[in-house]
Amino acid sequence: MKKIFLLTILILSFVISGCGNSDDDKLHIVTSFYPMYIDAINIVGEVEGVEVTNLTPPQTGCLHDYQLTTDDMKKLERADIFIVNGLGMESFLDKVVEEHSDLKFIDASQSEDIFVLKDGEEINPHIWMSVTYAMQQVRVISSQLCELDPEHAEIYKQNTLEYLNKLSVLRDEMHLALDNLPNKDIVTFHEAFPYFAAQFKLNIAGVIEREPGTEPTPQELAETIQLVNNLPVKVLFTEPQYSPKAAETIARETGAKIFTLDPVTTGEAIPENKNAYLDAMRKNMQTLVEALQ
């Protein structure tokens, strides 16, 4: 009877502590936002025992002023590895580092082959908008995942190679379509496209909103209207994540046409689309060809 009693206590202690939950045997990978999530699910694939979760809702967009929620903190409590873009994109990162000392971090921007762009002293973190840099981020994430989870390293390497091949094909397609466009001047919605423009030989003549979600001042609006009036091809590019109100005002004053370019910061969580980045960038390519021919 004593043995049965002790066995019952032992079983109950496992249940209460959560040790009976098979989830505890999984490797929990959390990504900061949508572009990092797409990279991670392509690298991890269908590896059994590895779970990839995106921290922020898939419609969040850029994380410049993002505030962590209670749900976010719960995800991080369960996380073993946290994959971030870096370069200041995740404004909350210092808090996470401070409160989760055991969490392993992968900073996808940490590569000698990524040369950051600046606006004055401020670093532009939107490096995934260069396909070449997006490929480098995939390499960084994959390399560090292989070190942190050597058991699945060979699968990660194979998945990485397959995804890099897809990205390489995309890059070639985009160079072929965009490098020799007759018009190169674009007016973008916010500062998400400098890396994209640098790769495909475009000139960002102006930006509608310096701070996304903050409408331009009357003076900034007047300056952009004057700028657009002086362009040989009058086109404006909005983003699906933000209101086009300011762009519509400029279009009314200049006769400019409005198109949409996607910085690939949002998407659908279900169903998961591993090709989301590829699809969005190809759509951007087609939009630019239509607008600038």
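Definitions and cut-offs
- Residues numbered from 1 in each chain as written.
- Predicted model: local features only at pLDDT ≥ 70, side-chain atom pairs only at ≥ 80, totals over all residues.
- Heavy atoms only, no water.
- Axes fitted to C-alpha atoms, helices over the stretch in contact; angles between N-to-C directions.
- Helix = DSSP H or I, 4+ residues; strand = E, 2+ residues; numbered from the N terminus.
- Parallel < 35°, antiparallel > 145°, perpendicular 65-115°, else oblique.
- Contact = heavy atoms within 4.5 Å.
- Nonpolar A, V, L, I, M, F, W, Y, C, P; charged D, E, K, R; others polar.
- Buried < 20%, exposed > 50% of the residue type's maximum accessible area, 1.4 Å probe, protein only.

Trainee: How should I be thinking about the packing of helix α5 (residues 131–148) against helix α6 (residues 153–178) in this particular structure?
Mentor: Each packed pair of helices is defined by two parameters, the angle between the axes and the distance between the axes. The interhelical angle for the contact between α5 and α6, taken along N-to-C directions, is 180°, at an axis separation of 10 Å. Judged by the inter-axis angle, α5 sits roughly antiparallel to α6. Packed against α5, whose contacting residues are V131, T132, M135, V138, R139, S142, L145 and C146, the element α6 presents A153, Y156, K157, T160, Y163, L164, L167, S168, L170, R171 and M174 at the interface. Of the residues contributing to the contact of α5 with α6, the split by class is twelve nonpolar, four polar and three charged.

Trainee: How do you make sense of the environment of I38 when you look at a structure like this?
Mentor: If you trace the backbone, I38 turns up in helix α2 (residues 34–44). By relative accessible area, I38 is classed as buried at 3%. Between the alpha carbons of I38 and N275 there is a distance of 7.9 Å; along the sequence they are 237 residues apart. Aside from chain neighbours lying at most four places away, what touches I38 is Y163, N273, K274, A276 and Y277.

Trainee: I would appreciate a short explanation of the packing of α2 against α6 in the present structure.
Mentor: Contact pair α2 / α6: the axes reach a minimum separation of 7 Å and the direction vectors enclose 120°. Relative to α6, the element α2 lies oblique. Here I38, D39, N42, I43 and V44 of α2 come into contact with α6, specifically with I155, Y156, N159, T160 and Y163. Of the residues belonging to the contact of α2 with α6, the class tally is six nonpolar, three polar and one charged.

Function cannot be inferred from these measures alone, as they are strictly geometric.
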